[in-house]
Amino acid sequence: MAHKYSEGTWFAVPLRNGGFATGIVTRKSKKGGVVVAYYFRPLRDTPSTMEEVAPLSVADALIALRSGDVSIKKGLWPIIGHTASFSREEWPTPLFMRKQEIGDKAYAMAYDDEDVSVLLREELVAYDANLSPGGLHGDGAVELILTSALKAN
């Protein structure tokens, strides 16, 4: 059974060493399959509740990632609920970073706000710029990134 979600849907991500991270879908590609989501601390023993996530904002986010949506659709990442008053303006699509290890070059990647599967442009930025990691992450990669980030915090 496919689980329905949309922009403003909160979900839990089971982590590799136990516990859960919390995320919110802020953009979804037109044809589905690709989302932008913000993720939050703290590491939780059980999925967050809507009461716990209601006060969260972009400023509270640990990281934003572009990823697939298979685990949300299959219910492997449980849906917590939906923010009825979700506003795209309050949850902007961030720039993402792509690094070239050879030559120490980095690029800020801007995706189409209406279809986050479409790359609009890349611009050269400082190699140590504080941007979210670019690329399209598989669900397993998201779990590993969050497991590592929340273990360290």
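In this report, the structure presented in the accompanying data block is examined. All values derive from a computational prediction rather than experimental measurement.

1. Comments concerning the sheet that holds strand β1 (residues 9-14)
Turning to step 1, where the next piece is worked out: The strand order across the open sheet built from five strands is β4-β3-β2-β1-β5, with neighbouring strands paired in antiparallel fashion. Each having just a single partner strand, β4 (63-68) and β5 (79-82) make up the two edges of the open sheet. With direction set aside, neighbouring strand axes in the sheet form an average angle of 30°.

2. Details of the packing of aromatic side chains
Turning to step 1, where the next piece is worked out: For the structure shown, the criterion picks out seven aromatic pairs.
Turning to step 2, where the next piece is worked out: Taken together through their ring pairs, the aromatic side chains of W10, Y38, F40 and W91 make up a single cluster.
Turning to step 3, where the next piece is worked out: Here the guanidinium or amino end of K28 rests over the ring plane of Y5, the centre of that ring lying 4.3 Å away.
Turning to step 4, where the next piece is worked out: The ring of Y127 is capped by K99, whose NZ or CZ atom sits 4.5 Å from the centre of that ring.

3. Regarding the layout of surface pockets
Turning to step 1, where the next piece is worked out: The computed volume of the largest pocket comes to approximately 180 Å³.
Turning to step 2, where the next piece is worked out: The wall of the largest pocket is formed by Y38, A61, L62, I63, A64, P94, N130, L131, S132 and P133.
Turning to step 3, where the next piece is worked out: Among the elements of the structure, β4 and β9 (132-133) are those that each provide at least two residues to the lining of the largest pocket.
Turning to step 4, where the next piece is worked out: Here the residues of the lining of the largest pocket are counted per class, giving eight nonpolar, two polar and no charged.

4. As for the sheet that holds strand β6 (residues 96-100)
Turning to step 1, where the next piece is worked out: Judged by pairing direction, the sheet is mixed, and its four strands sit side by side in the order β8-β7-β6-β9 without closing on themselves. Of all the strands in the sheet, the pair left with one neighbour each is β8 (115-125) and β9.
Turning to step 2, where the next piece is worked out: Bridge count between β6 and β9: two bridges; the pairing is parallel. Looking at β9, one finds that F96 is bridged to S132.

Conventions we followed
- Residues numbered from 1 in each chain as written.
- Predicted model: local features only at pLDDT ≥ 70, side-chain atom pairs only at ≥ 80, totals over all residues.
- Heavy atoms only, no water.
- Pairing = 2+ DSSP bridges.
- Helix = DSSP H or I, 4+ residues; strand = E, 2+ residues; numbered from the N terminus.
- Axes fitted to C-alpha atoms, helices over the stretch in contact; angles between N-to-C directions.
- Phe/Tyr/Trp six-rings, centres within 6.5 Å; stacked < 30°, edge-to-face > 60°.
- Lys NZ or Arg CZ within 6 Å of the ring centre and 35° of its normal.
- 1 Å grid on protein atoms, 1.4 Å probe; cavity = no way out; pocket = protein on both sides within 12 Å on 5 of 7 lines; lining within 4 Å.
- Points joined across faces, edges and corners; volume = space filled by probe spheres on them.
- Nonpolar A, V, L, I, M, F, W, Y, C, P; charged D, E, K, R; others polar.

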